Amino acid sequence: VKLGRKLIVGFKRDTFSGLIANTYGVAPRETWGTWSVSDRVKVEFLRELPSSFELTITAKAFGPNVGKPFSVIVGNSTKTLMVTSEMHSYEMKFHNHGGSRKIEFTVPKPTSPKELGLNNDAREIGLGLVELRIEPFFGR
């Protein structure tokens, strides 16, 4: 069964019961959301993503990742996303003809706050995720 209605994944929550099969490359949640802790983030859904959908990503970038190209990948389709240091929502449309269940992000330069002399946090972060909103659409 495909996902056929609007779907919201909030990274302020501890669990994604009924929506997500697995995540890779994300830290435990914080009050605002979660950081990536790898050069790749994967969110695998329990069901196939819609064949055509608008993805709204609410996110921010850290350090040397600000203004650099992140890749957002769904099946055979890759889009480029430039993320600022402030929390913002970004919209992009995907056609998922291969029936993928995954959304992947590549992080240009995971960097620790410790490396930049900001604090003792040694996690290599880059993308701060607050929410993914998936809204199916029909047509081209």
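Anything mentioned here points back to the structure above.
An account of the accompanying structure is given in this report. (Residues numbered from 1 in each chain as written. Predicted model: local features only at pLDDT ≥ 70, side-chain atom pairs only at ≥ 80, totals over all residues. Heavy atoms only, no water.)

## Digging into the sheet that holds strand 2 (residues 20–24)
Stated precisely, the cut-off is as follows: One bridge is not enough; two strands pair if DSSP finds at least two bridges between them. Numbering of helices and strands runs from the N terminus, with a helix taken as a DSSP run of H or I at least four residues long and a strand as a DSSP run of E at least two residues long. For helices, the fitted line uses only the C-alpha atoms of the stretch in contact; every axis is such a line through C-alpha atoms, and the angle between N-to-C directions lies from 0 to 180 degrees.
If you walk across this open sheet you meet the five strands as 2-4-9-6-7, and the pairing is antiparallel. The sheet is open, and its two edges are formed by strand 2 and strand 7 (77–82), each paired on a single side. Averaged over all neighbouring strand pairs, the angle between strand axes comes to 15°, with direction disregarded. Pairing geometry for strand 4 (residues 40–45) and strand 9 (residues 102–106), over five bridges, is antiparallel. Paired with Lys42 across the two strands is Glu104, which belongs to strand 9.

## Overview of the pattern of salt bridges
The test is simple: Salt bridges are defined by distance alone: a side-chain nitrogen of Lys or Arg within 4 Å of a carboxyl oxygen of Asp or Glu.
A complete count under the given rule lists five salt bridges for this structure. Between Glu44 and Arg101 there is a salt bridge, and its shortest N-O distance comes to 2.7 Å. Here the residue Glu44 occupies a position in strand 4, and Arg101 occupies one in the loop between strand 8 (88–95) and strand 9, the gap between them amounting to 57 residues. Where Arg133 meets Glu131, a salt bridge forms, and the shortest distance between an N and an O atom there is 3.1 Å. One connected set of salt bridges, linked through shared partners, spans Glu30, Asp121 and Arg123.

## Focus on the packing of aromatic side chains
Within a pair of aromatic rings, the relevant descriptors are the distance that separates the centres and the angle that separates the planes. Note the following rule: Only Phe, Tyr and Trp rings take part, Trp by its six-membered ring, and two of them pair if their centres are within 6.5 Å. Stacked means planes under 30 degrees apart, edge-to-face means over 60, and tilted covers everything else. Summary of the burial criterion: residues with accessible area below 20% of their type's maximum are buried, those above 50% are exposed, and those between are partly exposed, where the area comes from a 1.4 Å probe applied to protein chains only.
If you walk through the whole model with that rule in mind, you get three aromatic pairs. Ring geometry for Trp32 against Trp35: centres 5.1 Å apart, planes inclined by 70°, an arrangement best described as edge-to-face. Note on Trp35: relative accessible area 9%, which makes it buried. A centroid spacing of 5.8 Å and a plane angle of 25° characterise the contact between Phe53 and Phe94, whose relative ring orientation is stacked.

Any functional reading would require information that these geometric values do not contain.
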